[in-house]
Amino acid sequence: MDPAPVVLPKKQVFAMRARRLKELSEKVEPLSGFLLFMSQLVKAQDIVLNEHEASWLPDPSAFTLALEHGMPPLGINALRRDIDWQAELNALLDTLELHVADKQRELLTALRHLDHETREALADDILDGRPGPVEHRALLPFISAALQIAWVRLTQCLSSPPRRPSGNARTICPCCGSAPVASIIHADRDRSGVRYLHCGLCSTEWHLERSKCSVCGEGRTVKYLSLEDEQGKVPVAAQAETCSDCNSYLKIVTKEFNLGAEPMADDLASLMLDMKLAEEGQFDRSGFNPLLIVGE
């Protein structure tokens, strides 16, 4: 059977991501505290998505025209002013309040006191891939998490998955138009060995052939790089798929290494690989991880 061209996220997407982050926090010692906090944040995302009912959800018929014409029905530029993502943020802050340390609680308080316009400006920075003002940079992961909740919730309003993108749009999410955080090779029965790109915002996945650069489409110079720990083992299921034709790389996560592997979680846990490639200076990262927007 042909693999599904586009797969919408399940309601358990955040729960699975939180479990993987918790597991990785015990494996990747240098990032243990960071990954443990991220697992708490993502667990809160799961609670908000599945236990809080949004009042702003559109009717599924609102997306019919875009689906018929092969356009991203949940485009970030079209919807960023129309959805009440700030309600998701407030629910997220309430959920986190009792489960974070005093240092993180200070960040929650700072977010609560930001005015509506400043929050919107920070959301624009995130959706456009900018690091935002230095004084607010520590707040961005919480806003990113709220935006992810909002767009994952929107995917559940679609009557059917959109078409698989082609041509120059093949590496843009067919649902929201965002860039992928990584690609993933599945190991389940229906998609064993098949690669999908995984959206960093709405978690939609779409099929892309293996051994091709996810940026330029070439395959002649594609190579795979990974980092080993002191015992010679690879603690995460993520490698960097590098391309010397366009000098870019995107993480690739293989479930054949670990059935629990998850693109965003394993991307966060392999930050040392990003740092190594940044030091070498040959390849630029093409992946978009809203939970990890850093400045220069």
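Residues numbered from 1 in each chain as written. Predicted model: local features only at pLDDT ≥ 70, side-chain atom pairs only at ≥ 80, totals over all residues. Heavy atoms only, no water.

1. What to know about the overall build of the protein
If you tally the helices and strands in the protein, you get 10 helices and 8 strands. When its C-alpha atoms are laid out on the principal axes, the protein stretches across 50 × 50 × 35 Å. Counting contacts in the protein only where the partners sit at least 6 residues apart, residues at least 24 apart contribute 68% of the total. For the protein, the separation between the mean place of its 32 positive charges and that of its 42 negative charges on side chains is 4 Å. (Helix = DSSP H or I, 4+ residues; strand = E, 2+ residues; numbered from the N terminus. Contact = heavy atoms within 4.5 Å. Lys, Arg positive; Asp, Glu negative; His and termini not counted. Charge placed at Lys NZ, Arg CZ, Asp CG, Glu CD.)

2. Details of the pattern of salt bridges
Going through the model one piece at a time under the given rule, you end up with 27 salt bridges. Between Glu23 and Arg20 there is a salt bridge, and its shortest N-O distance comes to 3.1 Å. On the criterion of helical spacing, the pair formed by Glu23 and Arg20 is a turn pair, its members being 3 residues apart in helix H1 (residues 13-27). Given a relative accessible area of 27%, Glu23 falls into the partly exposed group. In this structure, Glu241 and Arg195 form a salt bridge, with 2.7 Å as the shortest nitrogen-oxygen distance. One end of the pair, Glu241, is in strand S6 (residues 238-243); the other, Arg195, is in strand S3 (residues 195-199), with 46 residues separating them in the sequence. (Salt bridge = Lys/Arg side-chain N within 4 Å of Asp/Glu carboxyl O. Buried < 20%, exposed > 50% of the residue type's maximum accessible area, 1.4 Å probe, protein only.)

3. Some thoughts on the packing of helix H7 (residues 116-127) against helix H8 (residues 140-155)
The geometry of H7 relative to H8 is characterised by a closest axis approach of 10 Å and an angle of 75° between their N-to-C directions. The orientation of H7 relative to H8 falls into the category roughly perpendicular. Taking contact as the criterion, the partners of Arg119, Leu122, Ala123, Ile126 and Leu127 in H7 are, on H8, Leu140, Ile143, Ser144, Leu147 and Trp151. Residue composition of the contact of H7 with H8, grouped by class: 8 nonpolar, 1 polar and 1 charged. (Axes fitted to C-alpha atoms, helices over the stretch in contact; angles between N-to-C directions. Parallel < 35°, antiparallel > 145°, perpendicular 65-115°, else oblique. Nonpolar A, V, L, I, M, F, W, Y, C, P; charged D, E, K, R; others polar.)

4. A look at the packing of H1 against helix H2 (residues 32-51)
Working note: a packed helix pair is described by the angle between its axes plus the distance between those axes. Where H1 meets H2, the axes come as close as 8 Å, and the angle between the chain directions of the two elements is 165°. Comparing the axis directions of H1 and H2 gives the class roughly antiparallel. Crossing of H1 against H2: the hand is left-handed. In this structure, H1 contributes Phe14, Ala15, Arg17, Ala18, Leu21, Lys22, Leu24 and Ser25 to the contact, and H2 contributes Ser32, Leu35, Leu36, Met38, Ser39, Val42, Lys43, Gln45, Asp46 and Leu49. (Left-handed = near helix turned anticlockwise from the far one by under 90°.)

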